[in-house]
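This is what each chain is made of:
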Amino acid sequence: MVKSGLILGLVALIITALVTLILPICTPILAIIIGFFAGYLAGVFDKPINDGQSAKIGAIAGAISGVGAILGQIIGAAINASVVGPEGVMEIMRQFDIPVSSDILNLYTPMVYGSAICIGLVNVLLMAGLGTLGGLLWHQISGKKSQPVV
């Protein structure tokens, strides 16, 4: 479970950081996919003997890979914040005729990191939940075939 969590955590870190640069709100979609595969891969590596163990290792693998996703979300947000900055956001909002207050200069950085952490925590929960599903699915497809018949 740790092996699959770390492998897919690294994948999640890289992909989530890149997607956060373009559209940060889309990272939960990645969390669903990567979390599922982390749970399935945990079943492949650990070969649990029943549904309960499959669900447990899948959830742990998903949560471990979720740490990579939250780090990628924060890294992507930091790069995005340094490139765009509060002045860039104000300019974009003015182009769309959205009223802008000068408070955005003071609130920009906390809002960027706060939203990145919130979305990252949602990603961790999704990844743990879908990791559970991935582990259970592995057990239903492959795990029952590999066990001796009693």
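What comes next concerns the included structure. (Residues numbered from 1 in each chain as written. Predicted model: local features only at pLDDT ≥ 70, side-chain atom pairs only at ≥ 80, totals over all residues. Heavy atoms only, no water.)

Focus on unusual backbone geometry
One non-glycine residue, Lys47, lies in the positive phi region at around 50°. Within the secondary structure, Lys47 sits in the loop between helix H2 (27-46) and helix H3 (51-95). You can call Lys47 partly exposed: its relative accessible area is 48%. Notably, Asp97 is not glycine yet its phi reads approximately 55°, a positive angle. (Helix = DSSP H or I, 4+ residues; strand = E, 2+ residues; numbered from the N terminus. Buried < 20%, exposed > 50% of the residue type's maximum accessible area, 1.4 Å probe, protein only.)

A closer look at the side chain of Ser54
Structurally, the position occupied by Ser54 is in helix H3. Look at Ser54 and you get buried, because its relative accessible area is 0%. There is a polar contact of 2.9 Å between the side chain of Ser54 and the backbone oxygen of Asn50. The contacts of Ser54, once residues within four sequence positions are left out, are Pro48, Gly135, Leu136, Trp138 and His139. (Polar contact = N/O pair within 3.5 Å; in protein donor to acceptor, adjacent residues only side chain to side chain. Contact = heavy atoms within 4.5 Å.)

Here's the deal with the environment of Gly5
Examined against the element boundaries, Gly5 turns out to sit in helix H1 (residues 2-22). On the basis of relative accessibility, which here comes to 0%, the residue Gly5 falls in the buried class. In this view, Gly5 contacts Ala61, Ile64 and Ser65; residues no more than four positions away in its chain are not counted.

Details of the environment of Val67
By secondary structure assignment, the location of Val67 is in helix H3. According to the relative accessible area criterion, Val67 is partly exposed, its value standing at 46%. Spatially, the C-alpha atoms of Val67 and Tyr40 are 18 Å apart, while their sequence positions differ by 27 residues.

All we've got here are geometric facts, nothing functional implied.
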